[in-house]
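Each chain, written out:
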Amino acid sequence: MASGINRRDFIKLGTFAGITVMFGRLPALQAREVHSGAQTSEWMAPDGSVKYRWDAIRKVTGEKVFARDFRSKNLPGWPEKQAHGFFLKATDVEHAFDDIDLSMLGPDLQPDRVLKHADLEKDGVRVPELADLGVGFYGQDFLLPAGNTAPLYGHPVALLIFHDFDRFEAAKRRLRFETTAVKYGRKTGLIQPPNYGAARYVRIAGETPSAPPAFAPIQDAVIWGDFDGDTPTWPKADPDGIFVPRSVLLPHRGGGGVRDPLKVAQQTDEPMRRGMAAAGIIEAEIEAARNNPAKLVVQRQGFSQSIDPSAMEPDNGNAWYDASTRTLHVLIAAQSPYEVARVAAFMVKDNKRFPVEKIELVSGTTVGYGSKDHSIFPFYTIAACFYGDGLPVRLANDRYEQFQLGMKRHSIEMDLTLVADRKTGKFEVLKAFYNCNGGGRANFSFSVAQVAATAAQSIYYFPKSDLATAAIATAAVEAGSMRGYGTLQAMSITELLIDEVAAQLGMDAIELRKRNALQAGDPNTQGAVQLGDPRNLEMLDLASSHPLWLNREQAKVKYEAANPGRRYGVGFAQVQKDYGTGADTTALLLEFDAAGKITMRHCVQEIGTGATTAQQVMVQRLLGKAPDIAIFGETNFAQLPLKSNFEPFSITQEQQDELARDPFWVPAILPAMSASNSVYFIGFGTRQAAQFLLENTVWPAAQAIWSSGPAGGQLASGYMTAKDLRAVPGGIGGGGMAPIAFEAIARKAHEMGLVTGVALHCFSRWQWARADFEIPGLGIKNLPADAIAVRYGDAAPESLKARMSTGGYDFIKRSNVQFPSAQRNNAGVTTYTPAACLVELNVNTFTGHVEIMNHHSLLDPGNIIVPALVSGQQQGGIAMGIGHALMEELPLYGDGPGNGTWNFNRYRLPRAKDVAVWTQTATYLDPLTETSPPKGLAEVVMIPVVAATGNAITHAIGTRFYHLPVTANKIKKALML
Amino acid sequence: MSIEKRSLTLTINGQKVGPVDAPVGMPMIDFLHDHLDLTGTRFGCGQGICHACTVMEIQPDGIPIETRTCIFDAHFFNGKTLITIEGQAKRDEHGEVSDLTPIQQAFIEHFSFQCGYCTPGFVTAATVFVESLKRQPVKRADLQSRIETALNDHICRCTGYVRYYQAVQDVALKTPGCVID
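Remember, it's a predicted structure, so these values are computed and weren't measured experimentally.

Each value, and the rule that gives it
Residues numbered from 1 in each chain as written. Chains lettered and ligands numbered in written order. Predicted model: local features only at pLDDT ≥ 70, side-chain atom pairs only at ≥ 80, totals over all residues. Helix = DSSP H or I, 4+ residues; strand = E, 2+ residues; numbered from the N terminus. Rg over C-alpha atoms; globule rule 2.2 N^0.38 Å. Buried ≥ 20, exposed ≤ 12 C-beta atoms within 10 Å, placed from the backbone. Pairing = 2+ DSSP bridges. Axes fitted to C-alpha atoms, helices over the stretch in contact; angles between N-to-C directions. Contact = placed C-beta atoms within 7 Å. Domains from an automatic or database assignment. Nonpolar A, V, L, I, M, F, W, Y, C, P; charged D, E, K, R; others polar. UniProt positions renumbered as here; feature names shortened; annotations may be inferred.

What to know about the overall build of chain B
Phase 1 of the analysis: Looking only at helices and strands, one finds five helices and nine strands in chain B.
Phase 2 of the analysis: Order of helices (α) and strands (β) in chain B, N terminus to C terminus: β-β-α-β-β-β-β-β-α-α-β-α-α-β.
Phase 3 of the analysis: For chain B, whose C-alpha radius of gyration is 17 Å, the value lies close to the compact-globule estimate of 16 Å for 181 residues.
Phase 4 of the analysis: Each of the 181 residues in chain B was classed as buried or not, and the buried ones make up 50%.

Right, dumping it as structure tokens:
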């Protein structure tokens with residue numbers, strides 16, 4: 001390993017069934033979100049409706065909420081003074097890096113410290129490499145070694161550190177666009193890492209969608225590939241020796257799906273070859289269809305471009321190494337602070353030069369759309385801080401640097417072939433190849449590539465499918481886990497293709513979609529069946545009856561007559577996007593004191609979506625009162641001393657069964673903020689914690705209050721159970737009882753010595769783990785959690801209080817735990833949210849400019865927690881989707897963002913005038929029942945507008961575009977043909 | 001190359017700043033952040049394109065205008081009067097927010113922002129716009145297009161702008177004298 005940290009050495013606690021448990025030897029980790037804590041409750045109305053976001057006042061008054069807002073002097077315990085650093089970067093990827101030249105700075109602006117690769121190497125400060133993330137996930141070197149050629153544009157070669165801001169700022173300004181500061185030597189040509197991986201998903205259905213398939217990835221195997229140059233190679237159907245793939249990585253978001261290629265080859269060689277035989281059958285059927293007049297075969301090449309997510313807060317971090325206490329203090333803008341802490345621990349572990357015994361991590365409110373999830377930036381910050389000469393070191397990208405170093409959405413080249421029956425319009429085959437450009441660091445590229453391929457079907461059922469994908473290494477700036485995660489690229493092109501197929505069949509485009517839409521119980525292209533009713537047909541029916549769709553031809557005639565030089569078009573697209581990762585976790589602590597003050601400490605991290613508001617609403621809806629103190633971004637729950645091997649995706653059933661005997665073991669500990677996972681998966685724990693207190697604390701306390709007084713009180717002559725309890729303004733009521741203020745409930749609960757606090761941890765592998773917990777006074781409770789701890793009230797007997805020895809809580813050791821089976825790792829995604837969009841636009845035939853006049857969205861959000869947050873996500877997603885469809889685009893290589901000259905002057909982002917800000921509308925499907933869970937939606941909302949816009953342009957001018965974005969120049973060229 | 005410094009004096013949020021030596025060439029936003037610890041004004045692009053960094057400059061006649069701080073040297077503001085986001089809401093003697101401005105109040109009630117990074121710039125632009133309407137009212141039919149013109153330079157990446165614009169429309173309609181039929 002590049003880091004020199006041998007995983008087996010690192011883990012000292014022991015080895016269980018071949019899996020080493022490591023958490024115990026990590027430096028103590030602590031992370032929490034800056035500026036969460038005591039708050040007023042004015043943001044929530046007495047009836048539980050949200051008047052404004054919990055964090056609204058801090059944000060609207062410009063308080064320090066982002067990591068970027070803090071300097072060392074603002075952080076308790078940190079030094080008053082701090083240092084600042086910035087990188088010099090390589091913009092030549094064909095010549096070896098030689099050295100740097102800072103002579104242009106003169107003597108006064110020379111850095112206090114110049115850091116190069118050799119300095120870091122000498123001190124053992126190396127890029128962390130974790131086995132569960134795969135080889136080269138964060139690249140090879142922090143700083144490019146002299147004599148090496150940069151593997152990607154914009155690779156840092158040196159870090160300049162200044163002990164005061166004024167010199168730092170002046171030097172940085174002087175070196176911006178300076179091309180002579182980095183010197184190159186011999187020409188080497190491109191030197192890139194090996195390609196990241198190739199995979200292929202083949203399925204041939206049985207007689208019916210629900211019959212056992214002849215071949216399916218879940219039933220048989222995913223086919224893993226190797227490369228000949230940049231071309232994927234696959235096992236041959238006829239055996240000629242074992243075929244060992246390049247790499248094997250299950251396409252789970254968040255990592256952890258790495259498997260040994262040789263072992264997988266040995267285990268699945270035979271089914272992979274059968275899969276290739278199945279692919280051969282599909283290819284033969286396509287060829288036969290080309291010669292069959294009853295069949296329609298459409299083959300198209302498409303392209304979805306590289307974009308910069310352009311999160312308004314550029315990447316930044318601030319870190320301080322306190323050698324006297326061997327403590328690493330880190331403030332970081334990250335969507336996954338827990339992951340930062342975990343990887344940081346690997347990075348610094350056993351470093352002799354800079355020994356670290358404790359890491360204290362604080363994170364800010366942030367925003368990233370994926371770009372701050374598993375980014376290398378936090379680790380650059382940590383590496384830098386060892387060289388601050390005792391001062392904290394702050395790194396904060398400006399926008400040029402952000403374009404140069406920040407993660408991008410993958411560009412993907414696509415080749416799709418669809419076979420349909422001309423008479424019925426039913427789809428028969430989808431064959432596609434997705435060539436995913438991962439740039440020069442591996443990151444999640446192979447995972448994104450696979451998710452793209454497995455999303456290719458959009459909302460349709462295909463009896464036969466052959467979906468291949470490759471993640472290739474190039475000199476482009478690194479691409480990673482961006483909003484949409486490959487599905488935006490794949491489904492957009494599929495949805496453009498569907499419209500062309502409809503046109504060639506002479507069929508209404510929505511009618512064709514209805515005939516082929518996935519229905520409840522239909523398997524996807526991997527063979528998995530999604531949770532519940534997809535509701536695709538319902539949404540298609542709504543779209544087909546919308547006036548924009550119904551009247552589009554008359555509207556076109558009328559508009560074009562009234563607006564010479566403009567062409568009118570309406571387009572539609574519908575998609576569905578998964579949410580969750582397949583190893584979803586949540587953890588929180590929820591407690592109240594005798595005065596009724598509720599405290600919630602929660603793992604959820606605010607990334608702008610309003611998740612921290614929604615989690616509190618969930619508590620209010622059950623307990624009648626929102627938390628008085630809320631702390632988010634928590635990563636260290638002393639009440640839940642859990643440990644994990646962090647291999648939830650690759651664990652075997654035998655390993656899991658053995659590890660699960662330890663009541664402190666869980667498959668994974670804390671989530672990243674990604675995969676649209678907050679409202680359903682992370683909120684699941686919140687709802688369970690509040691429900692637990694409602695049933696086991698609020699109910700007995702309320703019973704005692706309602707039963708007090710003469711003749712057994714108001715409760716005596718009726719019948720009421722805990723299920724009748726309802727949150728009412730100011731407290732708890734239900735069953736016709738007089739409402740009780742939560743404060744009175746709390747007082748009584750403490751007097752009675754009831755449970756007054758609960759900390760819990762939940763885990764889902766497309767199914768929630770359950771276990772029995774024997775809780776004193778409550779008996780055995782079977783709960784959808786894998787760890788729980790409780791706190792007893794003030795008047796609880798000493799014997800109970802004596803048990804509160806784990807972070808002040810009584811950790812209840814579970815029994816009869818039922819973790820979801822390891823087999824469910826092969827189930828693929830099961831939680832989806834459908835979304836559709838109708839776009840009305842006009843095209844200026846002189847300039848090629850597209851004006852979005854109106855759009856109407858359709859979404860199935862389940863039971864909504866905070867309506868304004870949902871519509872806000874949806875409106876924002878639409879704008880981002882319009883940017884992808886029409887304007888945002890980055891060249892990949894020498895003239896791309898890696899050259900350090902890109903900024904918003906060249907990179908056009910959607911403004912209000914581009915998004916039909918005043919006219920847009922939306923319809924949200926009513927939940928099927930009041931028990932339908934809320935659905936993750938932050939990603940899906942930006943996807944259908946992309947293809948709907950493309951289809952509308954086609955309606956306007958008659959030309960089909962499969963290469964995104966559809967810029968004014970492309971349209972002008974098409975109009976000139 | 002060395003750092004040339006010059007004396008700088010200005011008024012920010014009602015407080016006199018300086019005279020203080022400030023580097024020549026340092027953008028105002030850096031001076032605000034790293035010399036005055038006023039970090040609510042947000043850095044977006046450094047080119048004056050995204051308008052995340054705007055503050056209100058109060059002209060000698062009392063009329064506020066919107067000014068970008070990422071493209072102007074701190075010394076450009078010598079002798080001028082600025083209101084940054086920290087100076088918009090009223091605060092009590094403990095420094096706690098006691099009263100939001102109508103624009104700030106509308107933004108929070110409309111759930112106008114998500115990450116909130118661009119919010120200070122939107123507060124600035126919307127405040128300047130509503131103040132301009134008080135001096136020169138707009139016809140109701142033209143209000144939406146005037147809002148677009150006033151705010152279109154501001155980039156928001158989270159919200160799609162809808163709730164910002166609705167909030168500003170709401171304030172304009174509710175503020176006496178801003179909108180005429």
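Back to the write-up after that little detour.
Topic: the sheet that holds strand β10 (residues 197-204) of chain A
Strands pair in a sheet through their backbones, by hydrogen bonds, and they do so in one of two ways: parallel or antiparallel.
Residue and element names in this part refer to chain A.
Phase 1 of the analysis: Within the open sheet, the seven strands sit side by side as β12-β11-β10-β22-β21-β20-β15. Their pairing is mixed. Each of the sheet's edge strands pairs with one partner strand only, and the pair in question is β12 (231-233) and β15 (295-304). Each strand axis lies, on average, 20° off the axis of its neighbour in the sheet, ignoring direction.
Phase 2 of the analysis: Across nine bridges, strand β21 (residues 427-437) lies against strand β22 (residues 464-472) in parallel orientation. Opposite N435, over in β22, you have A470 as the bridge partner.
Phase 3 of the analysis: Its contacts with the sheet put helix α9 (residues 445-455) on β10, β20 (411-421), β21 and β22, and the angle it makes with β22 is roughly 160°.

Some remarks on the domain arrangement of chain B
All names here are of chain B.
Phase 1 of the analysis: One can read the domain layout of chain B as domain 1 (5-87) and domain 2 (90-176).
Phase 2 of the analysis: One C-alpha centre belongs to domain 1, the other to domain 2, and the line joining them spans 21 Å.
Phase 3 of the analysis: Mapped by element, the contributors of at least two residues to the side of domain 1 that touches domain 2 are β3 (55-58) and β4 (64-67).
Phase 4 of the analysis: The dominant element in the side of domain 1 that touches domain 2, judged by the number of residues it contributes, is β4, at three residues.
Phase 5 of the analysis: Grouping the amino acids of the side of domain 1 that touches domain 2 by side-chain chemistry returns eight nonpolar, five polar and two charged.

Some remarks on the UniProt feature "domain: [2Fe-2S]-binding" (unreviewed entry) in chain B
Phase 1 of the analysis: Sequence positions flagged by UniProt for "domain: [2Fe-2S]-binding" (unreviewed entry) are, in local numbering, residues 84-169 of chain B.
Phase 2 of the analysis: Measuring from the first to the last C-alpha atom of residues 84-169 of chain B gives 22 Å, for a span that is 49% helix and 8% strand.

Some details on the sheet that holds strand β23 (residues 566-578) of chain A
Residue and element names in this part refer to chain A.
Phase 1 of the analysis: If you walk across this open sheet you meet the four strands as β23-β36-β37-β38, and the pairing is mixed. The outermost strands of the open sheet, each flanked by one partner alone, are β23 and β38 (921-924). Looking at each pair of strands side by side, their axes are set apart by 15° on average, direction ignored.
Phase 2 of the analysis: Bridge count for β23 against strand β36 (residues 832-844) is 13 bridges, and the pairing is antiparallel. When the bridges of β36 are listed, G569 appears paired with L841.
Phase 3 of the analysis: Across the sheet, helix α12 (residues 536-544) lies against β23, β36, β37 (850-859) and β38, angled at about 25° from β36, the strand it touches most.

A word on the pairing of strand β24 (residues 584-592) of chain A
Residues and elements named next belong to chain A.
Phase 1 of the analysis: Counting buried positions along β24 gives nine out of nine residues, so the element sits mostly inside the fold.
Phase 2 of the analysis: Burial along β24 is two-sided: D584, T586, L588, L590 and F592 and T585, A587, L589 and E591, pointing in opposite directions, are all buried.
Phase 3 of the analysis: By the bridge criterion, five bridges tie β24 to strand β25 (residues 598-602) in an arrangement that is antiparallel. Its bridge partner lying in β25, E591 is registered against T599.

Focus on the interface of chain A and chain B
Phase 1 of the analysis: Taken together, the 53 residues of chain A in the interface contact 51 residues of chain B.
Phase 2 of the analysis: Elements with a contribution of two residues or more to the side of chain A that touches chain B: α2 (56-60), α4 (165-175) and α20 (867-886) of chain A.
Phase 3 of the analysis: Grouping the constituent residues of the side of chain A that touches chain B by class yields 23 nonpolar, 13 polar and 17 charged.

Here we look at the domain arrangement of chain A
Think of interface size as the accessible area that goes away when the parts come together; that is how it is often given.
All names here are of chain A.
Phase 1 of the analysis: The domain architecture assigned to chain A consists of domain 1 (70-192 + 308-405), domain 2 (200-306 + 409-518), domain 3 (528-580 + 829-977) and domain 4 (584-825).
Phase 2 of the analysis: The gap between the C-alpha centroids of domain 2 and domain 3 is 24 Å.
Phase 3 of the analysis: At the junction of the two partners, domain 2 supplies 33 residues and domain 3 supplies 36 residues.
Phase 4 of the analysis: Those elements giving two or more residues to the side of domain 2 that touches domain 3 turn out to be β15, α10 (487-505) and α11 (509-516).
Phase 5 of the analysis: Per-element tally for the side of domain 2 that touches domain 3: the top contributor is α10, with nine residues.
Phase 6 of the analysis: Among the residues forming the side of domain 2 that touches domain 3, the class breakdown is 14 nonpolar, 12 polar and seven charged.

Some words on the pairing of strand β1 (residues 5-12) of chain B
All names here are of chain B.
Phase 1 of the analysis: One ladder, built from seven bridges, connects β1 with strand β2 (residues 15-23); its direction is antiparallel. Considered in β2, the bridge of T11 is made with K16.
Phase 2 of the analysis: Counting the residues that bridge the hairpin from β1 to β2 gives two residues, and of these N13 lies at a positive phi of roughly 55°.
Phase 3 of the analysis: Here β1 pairs with strand β5 (residues 81-83) via two bridges, running parallel. Within β5, the residue paired with I12 across the bridge is L82.

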